[in-house]
Amino acid sequence: MNAATTATNCNSASGTGTLVSTNYVRILGDGAAVGAVQLCKSSGYYWGYVVFYDAMQPNNWGQVRLDRYQGGSKVAAYTCDTVGGNGYVRPGQTQCWTSRISGGSSDKFQALGYSCYGSSHPSCPDVNLDA
């Protein structure tokens, strides 16, 4: 596991899971790491999880997007705002997760973290994504 792994890993409404992959969530511009994005798994279900090192400040928000691939093509995307997720990271909060998605043997998943500073939900340019 790399340094993007934090003490709080793979949370969801159904408990915790196994960490599949992790990466930093960085601030656009100076590249400072502000959190970790994680791809999680438990009993054939996958979800994305993001945790920020400090509580979100006013006019900032965070998100994780779970992309599902079949045959090399993206077929679906889920966020913390999708039914089953716990909603995007609001000011004063530090984490959110997507719904848990059942994965077949040919499915591949990728979790991407958003750090949206100085913008309002749901406006955040894709250049703020960290995989």
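If you're wondering where the values come from, they're calculated on a predicted model, not measured in any experiment.

Peer 1: What should I look at first to understand the state of the cysteines in this one?
Peer 2: Cysteine pairs can be covalently joined through their sulfur atoms, and such a bond is termed a disulfide. Throughout the structure, instances matching the rule amount to 2 disulfides. The disulfide partner of Cys-80 is Cys-96, and the S-S distance across this bridge is 2.1 Å. Disulfide Cys-80 to Cys-96: torsion about the S-S bond roughly 70°, handedness right-handed. On the criterion of sequence distance, the pair formed by Cys-80 in the loop between strand S5 (73-79) and strand S6 (95-97) and Cys-96 in strand S6 is long-range, its members being 16 residues apart. Accessibility expressed as a relative area gives 1% for Cys-80, which makes it buried.

Peer 1: So what exactly am I meant to see when it comes to the packing of aromatic side chains here?
Peer 2: Describing an aromatic ring pair means giving the distance of the ring centres and the angle of the ring planes. Scanning the model with the defined rule gives 3 aromatic pairs in all. Centroid distance Tyr-46 to Phe-109: 4.4 Å. Interplanar angle 20°. Geometry classified as stacked. A residue pair is termed long-range when its members are at least 10 positions apart, and Tyr-46 in strand S3 (residues 45-52) and Phe-109 in strand S8 (residues 107-117) qualify at 63 residues. Taken individually, Tyr-46 and Phe-109 each receive the classification buried, so the pair is uniform in this respect. Plain terms: the ring middles of Trp-61 and Tyr-88 are 5.8 Å apart, the flat faces sit at 80° to each other, and that makes the pair edge-to-face. Taken together, the residues span a long stretch of sequence, with Trp-61 in strand S4 (residues 60-70) and Tyr-88 in the loop between S5 and S6 at a distance of 27 residues. One aromatic cluster is present, built from ring pairs that chain together Trp-61, Tyr-88 and Tyr-114.

Parameters and conventions
- Here, residues in each chain are numbered from 1, in the same order as that chain's written sequence.
- The model is predicted, so local features are restricted to residues of pLDDT at least 70 and side-chain atom pairs to those at 80 or more, both for listing and for counting; the totals for chains, interfaces and linings are taken over all residues.
- Side-chain calculation: all heavy atoms of the structure are included, whereas hydrogens and water are not.
- Whenever a pair of cysteine sulfur atoms sits within 2.5 Å, that pair is classed as a disulfide.
- Strands are runs of DSSP state E lasting at least 2 residues, helices are runs of H or I lasting at least 4, and numbering of each runs from the N terminus.
- Exposure classes here rest on a 1.4 Å probe applied to the protein chains alone. A residue is buried below 20% of its type maximum, exposed above 50%, and partly exposed in between.
- Within 6.5 Å between ring centres, the rings of Phe, Tyr and Trp (the latter by its six-membered ring) count as paired, and their orientation is classed by plane angle as stacked under 30 degrees, edge-to-face over 60, tilted in between.

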